[in-house]
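# Reading the structure
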Amino acid sequence: RFLNISHNTITQLHKITFFSNTELNILIISYNLQTGIHRELFIHLYKLEILYLGFNKLTTFQDNIVSKLWNLRYLDLSGNQFIYFEIEILPKLPKLNVILFDQSGLCCMLKEKGNNSCGSLAAENCISNYLLHTGFMLAITMWARSSKT
């Protein structure tokens, strides 16, 4: 099952938007104006394998947003405006193979032994350091967006 609501002007989806769509495998919400995602928006999408959230206006991404998506294999977060990405989400998504995002100024939270500090690591370094630290295996693709206007 497939649902594409991309290329609209959606700014916020209500938390019950997908409650009756429990059979979805692919969901595309890219190219909208989403500034945030309700923590219960995807709670009933247990069969979701591919999620496109790219090119919205998201600034944060916390683990409770997709923590119930155990079958998620592909997550596209590219083209957003992240300042915070909760990296501890990665081990909670056991089937995740690919995550796409392109934010070099990302504030990446690494919670190590009670140290909750926001480092100034570039996103790729933050992810690499986390994966080395935890031994978690994941193929990550980084978009190198041109700084030219």
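Here, residues in each chain are numbered from 1, in the same order as that chain's written sequence. In keeping with the model being predicted, local features are shown solely for residues with a pLDDT of at least 70 and side-chain atom pairs are shown and tallied solely at 80 or more, while totals for entire chains, interfaces and linings include all residues. The basis for every side-chain value is the complete set of non-hydrogen atoms in the structure, without hydrogens or water.

A separate point is the overall build of the protein. For the purposes of this entry, the term helix denotes a DSSP run of H or I that reaches at least four residues, the term strand denotes a run of E that reaches at least two, and both are numbered from the N terminus. For the protein, the count of helices and strands is one helix and ten strands. Only protein chains enter the accessibility calculation, which uses a 1.4 Å probe; a residue whose area is less than 20% of its type maximum is buried, one above 50% is exposed, and one in between is partly exposed. In the protein, which comprises 149 residues, the proportion classed as buried is 42%. Every residue pair with non-hydrogen atoms within 4.5 Å of one another is taken to be in contact. Contacts in the protein between residues at least 24 apart in sequence constitute 48% of all its contacts with a sequence separation of at least 6.

Mean pLDDT for the protein: 75, with 67% of residues reaching 70 or above. Known as pLDDT, the predictor's confidence for each residue is given on a scale from 0 to 100. Confidence, read as mean pLDDT per element, is least for strand β8 (residues 107-112) in the protein (43) and greatest for strand β2 (residues 26-28) (97). Under a pLDDT of 50 for its full length, residues 104-123 has, in the predicted model, 45 contacts with residues more than four places off or in other chains. Counting interchain partners and residues more than four positions distant, the pLDDT-below-50 stretch residues 135-149 has 32 contacts.

Below, the discussion takes up the environment of N97. Tracing the backbone shows N97 in the loop between β6 (84-86) and β7 (98-101). A residue is classified by how much of its surface remains accessible, and N97, at 42% relative accessible area, is partly exposed. Along the primary structure N97 and L75 are separated by 22 residues, whereas in three dimensions their C-alpha atoms are 8.5 Å apart.

For N71, the position within the fold is in the loop between β4 (60-61) and β5 (74-76). Among the residues examined, N71 registers a relative accessible area of 25% and is labelled partly exposed.

Another aspect to go through is the side chain of D76. You can see D76 is positioned in strand β5. At 2.5 Å, the side chain of D76 forms a polar contact with the side chain of S78. Apart from residues lying up to four places away in sequence, D76 is in contact with L51, Y52, L53, G54 and L100. A 3.5 Å cut-off defines polar contacts: any pair of N or O atoms within that distance qualifies, except that in protein one atom must be a possible hydrogen donor and the other a possible acceptor, and neighbouring residues in sequence count only when both atoms are side-chain atoms.

With that settled, consider unusual backbone geometry. Phi is mostly negative for residues that are not glycine, and the peptide bonds are mostly trans. The residue Y31 is not glycine, and still its phi comes out positive at about 55 degrees. Tracing the chain through its elements places Y31 in the loop between β2 and β3 (50-52). When its relative accessible area of 39% is taken as the criterion, Y31 is described as partly exposed. Even without being a glycine, F55 presents a positive backbone phi close to 55 degrees. Counting through the fold element by element, F55 comes out in the loop between β3 and β4.

For salt bridges, the criterion is a side-chain nitrogen of Lys or Arg within 4 Å of an Asp or Glu carboxyl oxygen. For the coordinates displayed, the defined rule picks out four salt bridges. Of the charged contacts in the structure, one is a salt bridge between E40 and R39, with a shortest N-O distance of 3.8 Å. Given a relative accessible area of 51%, R39 falls into the exposed group. Here R73 ties to E49 by a salt bridge, and the two come within 2.9 Å at their closest N and O atoms. Highlighted residues: R73 in the loop between β4 and β5 and E49 in the loop between β2 and β3, separated in sequence by 24 residues. When its relative accessible area of 34% is taken as the criterion, R73 is described as partly exposed. Taken together, the salt bridges that share partners define one network made up of K15, R39 and E40.

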